[in-house]
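# A structural walkthrough
For reference, the chains in residue letters:
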Amino acid sequence: MKFSEKLKKAMQQLGLNQAQVVGMTGKSKGSISMYLNDKTTPSEKVQSDIAVSLGLAPDYFEQEEAQVVVMPKGAVAEGKIKRMLPEEAAVFLGMDKGTVRKGLQQGVFPWGYAIKTSENRWAYFINAMRFAEIEGISV
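These remarks concern the structure in this document. (Residues numbered from 1 in each chain as written. Predicted model: local features only at pLDDT ≥ 70, side-chain atom pairs only at ≥ 80, totals over all residues. Heavy atoms only, no water.)

On to unusual backbone geometry. Positive phi is not limited to glycine here, since Asp38 has a value of about 60 degrees. Turning to its location among the elements, Asp38 is positioned in the loop between α3 (29-36) and α4 (44-53). (Helix = DSSP H or I, 4+ residues; strand = E, 2+ residues; numbered from the N terminus.)

Next comes the structure, spelled out in structure tokens:
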């Protein structure tokens, strides 16, 4: 089975849409779209990173008949990804909340992003599960 087919199967069984996969993996919308449409296949390392981000076994995409294992309880509730506030992330990281916000705006953190909503306003998204995995903490 191709990577694109396995990714679609995992998304369907986990109840995730493309935007949620983008947020959970830290990959761009364009990259995920290209993977889903079988335009490109990511390296084995990236495949493993995507699997872990989705709560699957690191070798999920390498397995011939991979089984989708339900994500850990609390990772997705009512179809929504568990989120963390920049202020909460700042406490875990021992940083100023402004520094975390700036990092999200600049795209330097792999566990979240910021969207400019107007001239001086930003909306922030931090995937709590991905944050915990990357930073090696329990949330």
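Ranked by size, the top nonpolar core spans 20 residues in total, and within it Leu7, Tyr35, Ile50, Leu54, Leu56 and Phe61 carry the most contacts. Looking at this core, the elements that each hand over two or more residues are α1 (3-14), α2 (18-25), α3 and α4. With five residues, the single largest contributor to this core is α1. In this structure, Met84, Ala89, Leu104 and Ala128 belong to the second largest nonpolar core, which totals twelve residues. (Core = buried A, V, L, I, M, F, W, Y, C linked by side-chain atoms within 4.5 Å. Buried < 20%, exposed > 50% of the residue type's maximum accessible area, 1.4 Å probe, protein only.)

Position of Gly23 among the secondary structure elements: in helix α2. Placed 89 residues apart in sequence, Gly23 and Gly112 show a C-alpha to C-alpha distance of 6.7 Å. In contact with Gly23, not counting residues within four places along its chain, are Tyr113, Phe125 and Asn127. (Contact = heavy atoms within 4.5 Å.)

With that out of the way, let us pick up α2. With respect to burial, α2 is a largely interior element, six of its eight residues being buried. By the burial criterion, the buried members of α2 are Gln20, Val21, Val22, Gly23, Met24 and Thr25. Its side-chain oxygen 3.1 Å from the backbone nitrogen of Ala19, Asn17 forms the N-cap of α2. Once α2 finishes, Gly26 follows within two positions and takes phi at roughly 80 degrees, a positive value. (Polar contact = N/O pair within 3.5 Å; in protein donor to acceptor, adjacent residues only side chain to side chain.)

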